[in-house]
Structure formats: structure tokens, C-alpha cells
Amino acid sequence: MSGRSVLGSRIARTSSPYIPRHRTTSIPLSRNPHTQKGPTEHRLVLTARPSLVLGPRRLCRAFSSGSGEPATPLLSPREGRDTGEQLPLSDAQKRTIYALSTPPGKAGVAVIRISGPDAFDVWRRVVQTFGKGKERESRPESWKMHRCRVIHPATQEVLDDGLAVFFKGPRSFTTEDVLELHVHSGRAIVSSVLNAIACLPFCRPAGRGEFTRRAFEGGRLDLTQVEGLRDLIDAETETQRKLALRNAEGATRMRLEHLRQEVIQCMALVEALIDFGEGEDIEEGVYEQARGRVQKLRETISHHLSDNRRGEIMRSGIRLAIFGPPNAGKSSLLNFLAQREAAIVTPVPGTTRDILELSLDIGGLPVIVADTAGLRKTDDMVEKIGVERAKQLVESSDVSLCVLPAPEVLSQTNDGKWKMQLPPPLESLVKEDTLVLLNKTDLVPTGIRPSWPSDTIWQASLSTGEGMAAFMQGFANVLQQRYNLLNEDSSRIEEPLITHARHRTHLENALQFIDAFLDTPPEDVVLAAEELRYAAQAIGKISGLIDVEDVLDAIFRDFCIGK
């Protein structure tokens with residue numbers, strides 16, 4: 001049997017078009033007629049290697065010899081087995097993606113974004129400018145709005161009259177060719193344009209975040225900028241907007257890169273002793289110099305880790321728990337902050353039995369306010385569950401605000417001083433950093449109202465509104481002071497480095513490797529260098545910048561080898 005027939009029979013017997021990687025197939029070619037020791041087969045060894053997956057309806061595998069040179073595929077990627085029919089591309093082969101980039105619904109303008117190597121083909125088939133002849137068919141001028149009609153590529157029906165802009169890669173958001181169609185934002189118009197693009201065989205709908213992922217893969221953004229962009233879209237307060245914008249612009253990236261480069265510089269000092277320490281003119285005290293720099297770096301990272309989660313709280317919101325005895329005015333305070341009837345308010349004690357949460361903007365800060373059940377001893381099973389939940393929430397919240405009825409908790413001693421007596425269920429929950437609002441001051445005679453020197457205790461009346469403006473101003477100031485946001489000039493310097501739990505995890509890992517380096521004796525310099533390498537990689541994982549060649553660059557830049 002010839003090699004061709006054997007190969008054909010082996011392929012015919014293959015039930016599946018998917019051949020395992022690097023399967024070695026031995027094929028007899030001919031017998032040796034010149035030997036007297038019996039027939040000997042010369043065998044050609046072929047290695048089956050999948051070069052392209054085209055779907056279950058066809059077999060397209062490139063076979064290569066032992067040298068690894070590819071041979072001609074058995075079937076064309078775009079043709080059928082016998083008929084030569086054009087077969088559809090798989091999603092993996094469709095590199096051009098499209099999606100609606102603006103919120104769906106009725107509005108003035110909707111933006112449909114197309115990105116990929118075939119973006120210009122989409123322009124040619126879908127966009128019809130108002131030029132004539134060759135001017136209409138020529139490649140559009142990049143980064144310029146063009147008045148156009150959007151047409152269906154199959155029927156040539158005009159779908160809408162709008163604008164189109166073409167971004168020639170790599171000067172685009174994704175670093176690829178990008179086309180944006182600005183059409184009227186109506187449900188029927190947007191749907192018809194998306195369906196028209198779907199008719200093009202080389203386009204597919206984009207996945208969640210796929211445009212930003214391509215920007216990251218193309219080097220336009222790093223991971224911290226991607227997170228900043230997402231936070232910027234989700235920002236609801238001025239503080240969140242400022243923090244997210246700085247991250248999206250690369251502020252966090254530069255600060256992390258500074259830390260990573262510092263680790264690399266220290267690692268370069270240590271590895272210079274390994275590679276060039278014997279017989280080379282390397283100055284003395286290099287290892288001690290590296291340890292000193294690493295010690296300062298450790299202090300910097302520890303400072304960022306001991307920020308009381310300021311960045312994460314600013315991004316996700318300050319969790320505020322309102323607690324107190326029944327009928328103290330907790331639900332009324334929640335309604336006042338929300339400027340609407342968010343909670344039910346009645347004179348019946350124990351009206352609120354579960355936790356009610358709202359996201360609010362207080363002084364430009366994102367605050368998640370939670371109204372809790374009144375804390376008291378009760379035999380009601382449902383209310384008892386609410387009381388336990390309230391206690392757990394107060395313990396886990398970032399800020400706690402205790403609302404107390406002034407006539408019930410204030411008393412005057414014999415020497416004329418005022419005393420505030422907490423109800424027993426609240427004594428374990430009120431701490432030094434707990435904020436206190438004395439409500440119902442309208443029921444206390446004006447002449448005998450006490451004055452409190454503390455800036456964390458306020459007196460007001462939610463029923464009359466008296467004192468509430470001073471409370472809101474003081475409450476916002478306390479929040480800003482606690483999270484270092486009061487001084488606008490210093491906010492850029494003191495802004496938190498860690499804004500996501502992922503950042504904290506990687507920095508904690510880096511700190512562990514740095515501690516391991518500091519604990520390594522000088523004679524184990526190889527192990528010490530590895531600990532610094534792991535620390536640099538842990539920091540690099542935050543922004544997605546990991547490059548082992550940085551070490552060699554630092555060595556040759558800072559040391560004169562062979563001097």
C-alpha cells in the first residue's frame with residue numbers, strides 16, 4: 001500500500017475531525033527488494049498537529065514532518081469538503097466586535113462601537129457619506145466626524161441619518177481600528193443598526209468589557225486604569241469621581257510602578273553580587289545598601305496597608321449604622337437624610353424590625369445608611385431577631401451614629417452639671433468614636449438645655465428641624481476628617497493607594513516576601529534575591545506589569561561592569 005493510500009485510509013477511518021496533538025503516525029512506503037533477511041519496511045513518520053479549529057463539519061489540519069515544517073492543509077479553511085461552499089466563521093475567527101456603548105432607551109444620540117481588523121470593511125458596507133464617486137468609497141479621514149447615512153449591507157435600505165467617526169489603530173481606545181456610529185437613540189433604530197452589522201459574516205457581538213480588555217491587551221490601559229475606568233462609570237459622588245478619575249488617568253499606576261522599580265533596584269544590587277561579585281570591581285557594602293533601601297520600602301508599604309481601608313471605603317461607600325432605643329427618632333433621621341419617606345414612622349415602639357439601607361451623598365462622600373431596630377429587651381421573636389441583627393451591624397459598620405431621646409437620657413446633678421445616662425442595651429455599643437445625636441430637644445426647656453464641648457455630640461429636633469443644619473454640617477466634617485478629605489490641597493498627596501481588595505492582597509504578599517528578604521542572612525544571597533523577585537512580581541500583579549528583563553536593565557544601567 002502506498003503512503004498516499006494509507007494516509008487516505010487513516011483519515012477516512014477518523015471519526016472525529018479533531019486529531020490529538022502530536023500524534024505520531026508511522027506509514028509504510030515500500031518493501032526493500034534487495035535484502036535477504038526478510039521484508040523490511042521504510043516508514044515515513046508524520047506528526048499530526050492541529051493548526052486551526054474550523055468546526056465539526058470539516059477537517060482542516062496541517063500535517064508536518066519531523067522537522068516541524070508545515071505542509072499544505074487537507075482542506076481550505078473557507079471551503080467545504082466536496083462542494084467548495086463558503087462556511088461561516090466561528091466566533092474565535094471573528095476578530096471584529098460591535099456593541100451599543102450608550103445606555104439603551106430613548107435619548108438624543110446612541111453610539112454603536114465597532115472594533116477590530118475589519119472595522120473599515122464595516123464602514124464600506126454600512127456607512128454612506130454624502131460625497132460623490134471615489135470620495136464616497138475612499139478610506140475616511142481618521143478622528144473626524146462624517147455626516148452619513150447608515151444603510152443595511154444586504155438590502156441597501158437607509159436605516160438612519162447620523163454621524164460616523166473612524167479611529168485608525170493604534171490611535172484608538174482599543175489600539176485597533178475603531179468605528180463609531182452616532183445614530184438617534186430609539187429602540188427601533190438601534191435594533192435595526194445592530195441587526196445590520198450582525199449580517200456581516202466577520203462581525204460578532206462584544207462580550208462584557210471586551211473593548212476595555214482589548215485596550216488592556218494592547219497596552220493602552222493597565223489593570224488599575226481598567227478598574228479606575230469602571231469605578232468612574234459607577235461613581236455617584238464627587239469624591240468617588242475624583243478618586244476614580246485619578247486612577248483612570250494612571251495615578252495609581254505610577255505610584256505602584258515607583259514601588260516596583262524600587263524593589264527591582266534593590267534586587268539589581270543583590271544580583272550584582274551573585275553575577276559579578278567574584279573578580280569584578282563591585283564596591284563594598286552593596287548588600288547593606290540594598291537592605292537599607294528595602295527597609296524604607298517596607299515602611300512605605302506598611303503605611304499604605306494601615307490606612308483603615310480608606311480607599312476601599314471611599315470607592316464602595318462608608319457604612320453608617322443608625323442605632324438607639326425604640327422611638328428615639330432613628331427612622332425619622334433616615335427619612336430626613338433621604339429627603340423622602342423611606343422608612344415607616346409611628347409612635348408605636350418596635351415599628352422597625354429589620355435593617356433598611358439607603359445609599360446617600362453626604363458632604364460629597366458616598367454613605368450607605370442603615371436604619372436598625374430599636375435596642376431593648378423584648379419577648380417578641382421577630383423583634384428579637386431584628387435587635388440581634390442591629391447589634392451585629394453596629395459592630396461591623398465603619399461609622400455608628402447613636403440617636404437618643406434627650407428628655408429620657410439627660411439628667412442634672414446636684415452641682416448643676418448635666419449627665420447623659422445610656423440605656424443598658426446600648427452601653428456596650430457606644431464607644432469613643434461613636435457619634436451621638438440628642439433628638440427631641442424641643443421637649444427640653446430652652447433655658448436648661450446643656451452644652452456639650454465635644455464635636456461628635458449634637459442636639460437637634462427632627463420634628464421641628466431645629467439644629468439639623470448644624471448637625472449635617474458637623475456630621476459631614478467628621479466624615480471628611482476621618483477619611484482625610486477635608487483639605488483639598490493635600491488630598492492628592494494623601495489619597496489612598498489601595499482602592500480594591502485585590503490591591504491589598506498583593507501588597508500584603510509583597511510585604512511578606514520583603515520580610516523574608518530581611519530575615520535572610522547575607523551568605524544566602526541567592527535566596528534573598530529570589531524573595532525580592534517575588535515581591536516585585538506581587539506588586540506587578542496589581543497593575544499587570546511583570547517583566548523579568550527589568551532586572552538586567554537596572555544592572556547594566558547602574559553598574560559599570562569590568563571597570
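Our structure is the block above this text.
What follows covers the pairing of strand β14 (residues 399-405). Summarising burial for β14: seven of the seven residues are buried, a large majority. Residues V399, L401, V403 and P405 line one face of β14 and the alternating positions S400, C402 and L404 line the opposite face, and both faces are buried. Here four bridges tie strand β11 (residues 318-323) to β14, and the two strands are oriented parallel to one another. Along β14, the bridge assignment pairs I322 with L401.

Okay, the sheet that holds β14 next. Ordered by their spatial adjacency, six strands build an open sheet running β12-β13-β11-β14-β17-β18, and the pairing between neighbours is mixed. Two strands lie at the open edges of the sheet, namely β12 (356-362) and β18 (457-459), each paired on one side alone. In this sheet, neighbouring strand axes are inclined to one another by 25 degrees on average, regardless of whether the strands run parallel or antiparallel.

With respect to the helices and strands, D371 occurs in strand β13 (residues 365-371). For the buried D371, no salt bridge is present, and the opposite-charge side chain at shortest range is K330, 5.6 Å distant. Only 2.7 Å separates the side chain of D371 from the side chain of S331, close enough to count as a polar contact.

Backbone torsion omega between G169 and P170 reads 5 degrees, so that peptide bond is classified as cis. Positionally, P170 belongs in the loop between β8 (158-167) and β9 (178-185). Unusually for a residue other than glycine, K440 sits at a positive phi of about 65 degrees. Checked against the element boundaries, K440 lands in the loop between β17 (435-439) and β18.

Turning next to helix α5 (residues 210-217). Listed in full, the buried residues belonging to α5 are E210, F211, T212, R214 and A215. Looking at the packing, one finds that the buried side of α5 touches β4 (96-100), β5 (107-115), β10 (203-205) and α6 (223-234). G219 occupies a position one or two residues after α5 and carries a positive phi of about 85 degrees.

This part covers the sheet that holds β5. As summarised here, the arrangement of the seven strands in space is β6-β7-β8-β9-β5-β4-β10, forming an open sheet in which the pairing is mixed. The sheet is open, and its two edges are formed by β6 (127-129) and β10, each paired on a single side. Along the sheet, successive strands turn relative to each other by an average axial angle of 35 degrees, direction set aside. The sheet contact formed by β5 and β9 spans seven bridges and is antiparallel. In the strand pairing of β9, S115 is matched with V178.

So, how was this worked out
- Residues numbered from 1 in each chain as written.
- Predicted model: local features only at pLDDT ≥ 70, side-chain atom pairs only at ≥ 80, totals over all residues.
- Heavy atoms only, no water.
- Buried < 20%, exposed > 50% of the residue type's maximum accessible area, 1.4 Å probe, protein only.
- Helix = DSSP H or I, 4+ residues; strand = E, 2+ residues; numbered from the N terminus.
- Pairing = 2+ DSSP bridges.
- Axes fitted to C-alpha atoms, helices over the stretch in contact; angles between N-to-C directions.
- Lys, Arg positive; Asp, Glu negative; His and termini not counted.
- Salt bridge = Lys/Arg side-chain N within 4 Å of Asp/Glu carboxyl O.
- Polar contact = N/O pair within 3.5 Å; in protein donor to acceptor, adjacent residues only side chain to side chain.
- Contact = heavy atoms within 4.5 Å.

Everything listed here is a matter of geometry and, on its own, says nothing about what the molecule does.
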